[in-house]
Amino acid sequence: MGFIPLEEKTALAVAVTAPECYYIKSGEVYRRMDKDRLLYLLENDKRGQNSSAEAEELEAWYRSAEARPALTDRLSADGLSALEDKIFARILTANAESHEWLEESPAGKSGWFGWGKIAAAVLLLIVAGIGLYVFQQQKGRVTERTGFGETRVLILPDGSEVTLNGNSVLSYDTEWPELREVRLEGEGYFKVVHTRDHRKFRVRTGADFSLDVLGTQFNISKRESGTRIVLDEGKVRCNLGDSESDTLVLRPGEMIQFHKKPSDYQRERVEKGLYSAWKDHKLVFKNTSLREVAGILRDTYGLETEASRPELLDRQISGSVPTDNVDLLLQGIAEASAVTITRDGDQLVIAPRSE
């Protein structure tokens, strides 16, 4: 019996997918591990940093055989690679064990039982996944995600650069046809390169809105409060509907924003760099209400805000605060607005400052 061909490694590895996993406590296996926990264990395993308890926790997941659809769309490149390596190593281990069993088994039975053991090991991996389609989807689509408060710089296949703000998702096909298109949920700052064949670059935030560019720099945000586009350099065309006439061309220093319907947009001139300062690890406020600030804290950092007095949210602040440290960020906002901000986990309470 020879080793499984290398070209089968990825297909077999990503066949195992899961929305949830298991952890071990007092010798019992519990179904409680979520995707973030699995990603953490996979990436640590790739770097050889898992403790013995964490290694056993990950091993328990591999031993489980329930159906697990749609995991790989949440894994980073390192996480997916670790998953492939781990499962492939298990296949090779099963193969090596079968060789030992073959040598010890009674004559006439080694072929059947040896192949059966290997087939069972591989079948377990495949059946547990019920999801080769996920591998095919992963192969043709790239999805990048950031956590709350995280920023990440991405280089796209054409050399364009995207800086993702916290709690954001960017996805695109691994092979672009004539149109270079990406989908965005959250907020990102784009530096789009111009191609020799003048191919359009499109950012889509939903079925009813997208914008087209050739080479430019702009900030685009799609949050709960609405969609906003601010152009720093170049020119973009906003597609506000299905008709060719439902378009709007932005010039540098202009911003459009809308809540639900793109056709109900507001257009205005703004200070360059004001809305993209986050990519330089700071937030810049200019007569910004605490209500707007609360929206930023919710969307980007996952922090929910309430005020002891509703009118406190109408206070406006100006200035800049750092974003590298959430506690310093909150302290800066409190100082600028003359309030106190008390934090309990992900909950914030704004109260007037005592005299």
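Residues numbered from 1 in each chain as written. Predicted model: local features only at pLDDT ≥ 70, side-chain atom pairs only at ≥ 80, totals over all residues. Heavy atoms only, no water.

Regarding the overall build of the protein chain
Part 1 of the argument: Scanning the protein chain for helices and strands turns up 8 helices and 20 strands.
Part 2 of the argument: Out of the 355 residues belonging to the protein chain, those deemed buried represent 40%.
Part 3 of the argument: For the protein chain, the share of sequence-separated contacts (at least 6 apart) that also reach a separation of at least 24 residues comes to 52%. (Helix = DSSP H or I, 4+ residues; strand = E, 2+ residues; numbered from the N terminus. Buried < 20%, exposed > 50% of the residue type's maximum accessible area, 1.4 Å probe, protein only. Contact = heavy atoms within 4.5 Å.)

Some thoughts on helix H7 (residues 290–301)
Part 1 of the argument: In this model H7 runs 15 Å from its N-terminal to its C-terminal C-alpha over 12 residues, within 8% of the 16 Å that 1.5 Å per residue would give.
Part 2 of the argument: Of the residues making up H7, those classed as buried are Leu 290, Val 293, Ala 294, Gly 295, Leu 297, Asp 299, Thr 300 and Tyr 301.
Part 3 of the argument: One or two steps after H7, the chain reaches Gly 302, where phi turns positive at roughly 70°. (Expected span 1.5 Å × (residues − 1).)

Points about the nonpolar core
Part 1 of the argument: Within the largest apolar cluster, 27 residues are counted, with the highest numbers of intra-cluster contacts made by Leu 170, Phe 190 and Phe 218.
Part 2 of the argument: For this core, the element with the most residues is strand E7 (residues 180–192), which contributes 4 residues.
Part 3 of the argument: Setting aside residues no more than four positions away along its own chain, Leu 170 makes contact with Val 142, Thr 143, Glu 144, Leu 154, Leu 156, Val 162, Leu 164, Val 182, Arg 183, Leu 184 and Phe 190.
Part 4 of the argument: Within the second largest apolar cluster, 20 residues are counted, among which are Trp 278, Leu 330, Ala 334 and Leu 348. (Core = buried A, V, L, I, M, F, W, Y, C linked by side-chain atoms within 4.5 Å.)

A short note on the confidence of the model for the protein chain
Part 1 of the argument: For the protein chain, the mean per-residue pLDDT works out to 76, and 67% of the residues sit at or above 70.
Part 2 of the argument: Here residues 65–75 is a poorly scored stretch, pLDDT under 50, and it has 47 contacts once near neighbours within four places are set aside; other chains count. (pLDDT = per-residue confidence, 0-100.)

Examining the pairing of strand E9 (residues 209–213)
Part 1 of the argument: Of all 5 residues in E9, 5 are buried; the element is thus mostly enclosed.
Part 2 of the argument: In this structure, strand E8 (residues 201–206) lies alongside E9, joined through 5 bridges in antiparallel fashion. Of the residues in E9, the one forming a bridge with Phe 201 is Val 213.
Part 3 of the argument: Here E8 folds back onto E9, and the loop between the two strands holds 2 residues. (Pairing = 2+ DSSP bridges.)

Some remarks on helix H8 (residues 326–337)
Part 1 of the argument: Helix length check: H8, at 12 residues, gives a terminal C-alpha distance of 17 Å against a target of 16 Å (1.5 Å per residue), a fit within 8%.
Part 2 of the argument: Leu 329, Leu 330, Ile 333, Ala 334 and Ser 337 are the residues of H8 that are buried. For H8, the angular spread of the buried residues around the axis is 135°, confining them to a single face. Exposed residues lying more than 90 degrees from the buried face of H8 are Asp 327 and Glu 335.
Part 3 of the argument: Ala 338 occupies a position one or two residues after H8 and carries a positive phi of about 55°. (Arc of directions from axis to C-beta.)

What about the pattern of salt bridges?
Part 1 of the argument: Throughout the structure, instances matching the rule amount to 18 salt bridges.
Part 2 of the argument: Here Glu 150 makes a salt bridge to Arg 152, at a shortest N to O gap of 3.0 Å.
Part 3 of the argument: You can call Glu 150 partly exposed: its relative accessible area is 29%.
Part 4 of the argument: Salt-bridge contacts for Glu 335 lead to Arg 353; the nearest nitrogen and oxygen are separated by 3.9 Å. One end of the pair, Glu 335, is in helix H8; the other, Arg 353, is in the segment after strand E20 (347–352), with 18 residues separating them in the sequence.
Part 5 of the argument: For Arg 353, a relative accessible area of 34% corresponds to the partly exposed category.
Part 6 of the argument: Ionic contacts of the salt-bridge type, sharing partners, join the residues Glu 144, Glu 150 and Arg 152 into one network. (Salt bridge = Lys/Arg side-chain N within 4 Å of Asp/Glu carboxyl O.)

A closer look at the environment of Thr 195
Part 1 of the argument: Topologically, Thr 195 is positioned in the loop between E7 and E8.
Part 2 of the argument: In terms of polar contacts, Thr 195 uses its side chain to reach the side chain of Asp 197, at 2.8 Å. (Polar contact = N/O pair within 3.5 Å; in protein donor to acceptor, adjacent residues only side chain to side chain.)

Quick notes on the sheet that holds strand E17 (residues 304–307)
The strands making up a sheet associate through backbone hydrogen bonding, with each pair oriented either parallel or antiparallel.
Part 1 of the argument: The 3 strands lie next to each other as E17-E20-E19, forming an open sheet whose pairing is mixed. Here the strands that pair on one side only, and so sit at the sheet edges, are E17 and strand E19 (339–344). Sheet twist, expressed as the mean angle between neighbouring strand axes with direction ignored, is 25°.
Part 2 of the argument: Relative to E20, E17 is paired through 4 bridges, and the arrangement is parallel. Of the residues in E20, the one forming a bridge with Ala 307 is Ile 350. (Axes fitted to C-alpha atoms, helices over the stretch in contact; angles between N-to-C directions.)

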